[in-house]
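Residues per chain, in single letters:
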Amino acid sequence: MNVDQFTGAATQTATQFVIAQEKIGLLLGTGGKTFKRIGSLFKVHIHLTSGHHQSGEWVSIYGKEDDRARAKEYIMSMCNPMVEEKIPYSADLHEHLVGKGGKTHRYLESNSSAVITFSTACTGPNEHTAHVR
């Protein structure tokens, strides 16, 4: 947190970047669910500003520096994945990977900034798939 040199009021530094217009729906999710989840996961506040950039929308992330960096990396992984991997795993491991109430899943995502989705449908005999971006 910084202090305005003229007013002495506390100000917060933001991490800002642009995401493509066609990725906004992905970032928001149904009813804003994904947008809220990212804020909660990384303990940040996210603000979108439309119409100020020709190729997309400005994303501003407020919070602690390391939390902002991890949230930005997560959003970039979701919107523009550099690597995508599908990893099969035994159905027996599903509840351990997701964790009670999704706790392990949230831990994995918040500490790695990887976007991880788990398939509930079996992809083979007694096998599920994790999609990691």
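All of these numbers come straight from a predicted model, not from anything done at the bench. (Residues numbered from 1 in each chain as written. Predicted model: local features only at pLDDT ≥ 70, side-chain atom pairs only at ≥ 80, totals over all residues. Heavy atoms only, no water.)

> What is the right way to look at unusual backbone geometry in this model?
Leave glycine aside and you will find that most residues have negative phi; peptide bonds, for their part, are mostly trans. Even without being glycine, K43 reaches a positive phi, approximately 55°. Position of K43 among the secondary structure elements: in the loop between α2 (33–42) and β4 (45–53). Phi is positive for S113, close to 60°, though the residue is something other than glycine. Inspection of the secondary structure assignment puts S113 in the loop between α5 (103–112) and β7 (116–118). Residue S113 is classed as buried on the basis of its relative accessible area of 3%. (Helix = DSSP H or I, 4+ residues; strand = E, 2+ residues; numbered from the N terminus. Buried < 20%, exposed > 50% of the residue type's maximum accessible area, 1.4 Å probe, protein only.)

> For this particular structure, what's the right way to read the packing of α2 against helix α3 (residues 65–79)?
In a packed pair of helices, the relevant descriptors are the angle between the two axes and the axis-to-axis distance. At a minimum axis distance of 9 Å, the contact between α2 and α3 shows a crossing angle of 145°. Crossing angle aside, the handedness with which α2 passes α3 is right-handed. The segment α2 lies against α3, with T34, R37, I38, L41 and F42 engaging D67, R70, A71, Y74, I75 and M78. Considering only residue class, the contact of α2 with α3 consists of seven nonpolar, one polar and three charged. (Axes fitted to C-alpha atoms, helices over the stretch in contact; angles between N-to-C directions. Left-handed = near helix turned anticlockwise from the far one by under 90°. Contact = heavy atoms within 4.5 Å. Nonpolar A, V, L, I, M, F, W, Y, C, P; charged D, E, K, R; others polar.)

> Which parts of the structure should I look at to understand the side chain of E109?
The topology assignment puts E109 in helix α5. Judged by its relative accessible area of 1%, E109 is buried. Only 3.1 Å separates the side chain of E109 from the side chain of Y74, close enough to count as a polar contact. Within the local environment of E109, its side chain forms a polar contact with the backbone nitrogen of I116, the two atoms lying 2.8 Å apart. Among all residues touching E109, those that are not within four sequence positions of it are R37, L41, F42, Y74, A114, V115 and I116. (Polar contact = N/O pair within 3.5 Å; in protein donor to acceptor, adjacent residues only side chain to side chain.)

> I keep staring at α3 and nothing clicks. Help me out?
Since one α-helical turn is 3.6 residues long, residues separated by three or four positions face the same way. Taking 1.5 Å of rise per residue, the 15 residues of α3 would be expected to cover 21 Å, and the 21 Å separating its terminal C-alpha atoms lies within 8% of that figure. Restricting attention to buried positions, one finds in α3 the residues D67, R68, A71, Y74, I75, S77, M78 and C79. (Expected span 1.5 Å × (residues − 1).)

> Explanation requested: the confidence of the model for the protein in the structure shown.
Caution is warranted with low-pLDDT regions, since their predicted coordinates should not be read in detail. Of all residues in the protein, 86% have pLDDT values of 70 or greater, and the mean over the chain is 85. Here strand β1 (residues 2–3) is the element of the protein with the lowest mean pLDDT, 50, and α2 is the one with the highest, 95. The low-confidence segment residues 3–7, where pLDDT is below 50, has six contacts with residues more than four positions distant or belonging to other chains. (pLDDT = per-residue confidence, 0-100.)

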